[in-house]
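Listed here are the chains, written in short residue letters.
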Amino acid sequence: MLSTFCERWQPETLTFHPPFGEMTITLDDVASILHIPITRSMISFSQPLRVDDVNALLVELLGTTDDEASRETDVSSDDNIEFATQAFLLHLVGCTLFVDKSATSVVVVYLELFRDLSMVGSYAWGATYLTYLYKQLTIVTRFEVRQLGGYLTLLQA
């Protein structure tokens, strides 16, 4: 079923073209099926993180040492509770909404969103997820690409 969706995805219009017409996944679908916010602050990142920035985020927000952070990036109390929460949220977001095809890595840039835990509920996770899914569907339409990344619940629902 997923391969059929991928074959019928039109990157120019961000729609599927089955034999009976045209259809797409909307923000309403995201809100109804996944129950995540679609109308709050947009999530955006100004530029890719450098390795030094990644190490600094890991040290500051996850409570790792410089050595631990460096080892992780070489491979590509209340504070402890907050560090654990931030690590869990990074894992959750990286393993559900923004899954990549490696199935072993999480994009560290999302950690920045968990700097202030009180702000997590203020983001439009649904809109960001839908944008990510559209991008993944567009990537998989290329001839040489064999796998689809992303959280595919919307395609299966």
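This structure is a prediction, so every number in the text was calculated from the model and none was measured.

Thresholds, definitions, all that
- Residues numbered from 1 in each chain as written.
- Predicted model: local features only at pLDDT ≥ 70, side-chain atom pairs only at ≥ 80, totals over all residues.
- Heavy atoms only, no water.
- Helix = DSSP H or I, 4+ residues; strand = E, 2+ residues; numbered from the N terminus.
- Buried < 20%, exposed > 50% of the residue type's maximum accessible area, 1.4 Å probe, protein only.
- Areas by Shrake-Rupley, 256 points an atom, 1.4 Å probe, with all protein chains shown as cover.
- Lys, Arg positive; Asp, Glu negative; His and termini not counted.
- Charge placed at Lys NZ, Arg CZ, Asp CG, Glu CD.
- Phe/Tyr/Trp six-rings, centres within 6.5 Å; stacked < 30°, edge-to-face > 60°.
- Contact = heavy atoms within 4.5 Å.
- Core = buried A, V, L, I, M, F, W, Y, C linked by side-chain atoms within 4.5 Å.
- Salt bridge = Lys/Arg side-chain N within 4 Å of Asp/Glu carboxyl O.
- Expected span 1.5 Å × (residues − 1).
- Arc of directions from axis to C-beta.

**Points about the overall build of the protein chain**
Part 1 of the reasoning: Looking only at helices and strands, the protein chain features 7 helices and 2 strands.
Part 2 of the reasoning: Along its sequence from the N terminus, the protein chain presents helices and strands in the succession α-β-β-α-α-α-α-α-α.
Part 3 of the reasoning: Principal-axis analysis of the C-alpha atoms places the extent of the protein chain at approximately 60 × 35 × 25 Å.
Part 4 of the reasoning: Looking at the protein chain as a whole, 34% of its 157 residues qualify as buried.
Part 5 of the reasoning: Accessible surface, the protein chain: about 9600 Å² in total, of which carbon and sulfur atoms supply 55%.
Part 6 of the reasoning: For the protein chain, the distance from the average site of its 9 positive side-chain charges to the average site of its 20 negative ones is 9 Å.

**Some remarks on the packing of aromatic side chains**
Part 1 of the reasoning: Applying the stated rule across the entire model yields 7 aromatic pairs.
Part 2 of the reasoning: Pairing Phe98 with Tyr132 gives two aromatic rings, centres 5.3 Å apart and planes at 90 degrees, and the pair type is edge-to-face. Residue Phe98 is found in the loop between helix H5 (78–95) and helix H6 (125–140), and its partner Tyr132 is found in helix H6; the two are separated by 34 residues along the sequence.
Part 3 of the reasoning: We classify Phe98 as buried; its relative accessible area is 3%.
Part 4 of the reasoning: Relative to Trp125, the ring of Phe114 has its centre 6.0 Å away and its plane inclined at 15 degrees; by these criteria the two rings are stacked.

**Some details on the side chain of Gln86**
Part 1 of the reasoning: Looking at the element boundaries, Gln86 is found in helix H5.
Part 2 of the reasoning: Once residues lying within four places of it in the same chain are set aside, the contact partners of Gln86 are Leu61, Leu62, Leu111, Phe114, Arg115 and Leu117.

**As for the nonpolar core**
Part 1 of the reasoning: Counting residues in hydrophobic clusters, the biggest one holds 41 residues, and the most contacted among them are Tyr110, Trp125, Leu137 and Leu155.
Part 2 of the reasoning: Per element, the largest residue contribution to this core is 9 residues, and it comes from H6.
Part 3 of the reasoning: Beyond its immediate sequence surroundings of up to four residues, Leu137 is in contact with Cys6, Trp9, Phe16, Leu148 and Leu155.

**Structural notes on the pattern of salt bridges**
For side chains of opposite charge, pairing can occur when their charged atoms come near one another.
Part 1 of the reasoning: Inspection of every chain in the model, using the stated rule, returns 2 salt bridges.
Part 2 of the reasoning: The residue Arg115 makes a salt bridge to Glu60 at a minimum N-O spacing of 2.3 Å.
Part 3 of the reasoning: With relative accessibility at 43%, the residue Glu60 sits in the partly exposed group.
Part 4 of the reasoning: Two residues, Arg115 and Glu112, come together in a salt bridge whose shortest N-O distance is 2.9 Å.

**So, helix H3 (residues 51–62)**
Part 1 of the reasoning: Taking 1.5 Å of rise per residue, the 12 residues of H3 would be expected to cover 16 Å, and the 16 Å separating its terminal C-alpha atoms lies within 8% of that figure.
Part 2 of the reasoning: Looking at H3, one finds that the buried residues are Val54, Asn55, Leu57, Leu58, Leu61 and Leu62. Burial along H3 is one-sided: seen end-on, the buried residues are contained in an arc of 160 degrees.
Part 3 of the reasoning: Downstream of H3 by a residue or two, Gly63 has a phi angle that is positive, lying close to 75 degrees.

**Remarks on unusual backbone geometry**
Part 1 of the reasoning: Non-glycine residue Leu14 carries a positive phi angle of around 55 degrees.
Part 2 of the reasoning: Along the chain, the position of Leu14 falls in the loop between strand E1 (9–10) and strand E2 (15–16).
Part 3 of the reasoning: Within the chain, His35 stands out as a residue other than glycine whose phi angle is a positive 55 degrees.
Part 4 of the reasoning: Among the secondary structure elements, His35 is positioned in the loop between helix H2 (27–34) and H3.
Part 5 of the reasoning: Looking at His35, the relative accessible area reads 63%, which means it is exposed.

What is shown is where atoms sit, not what they do.
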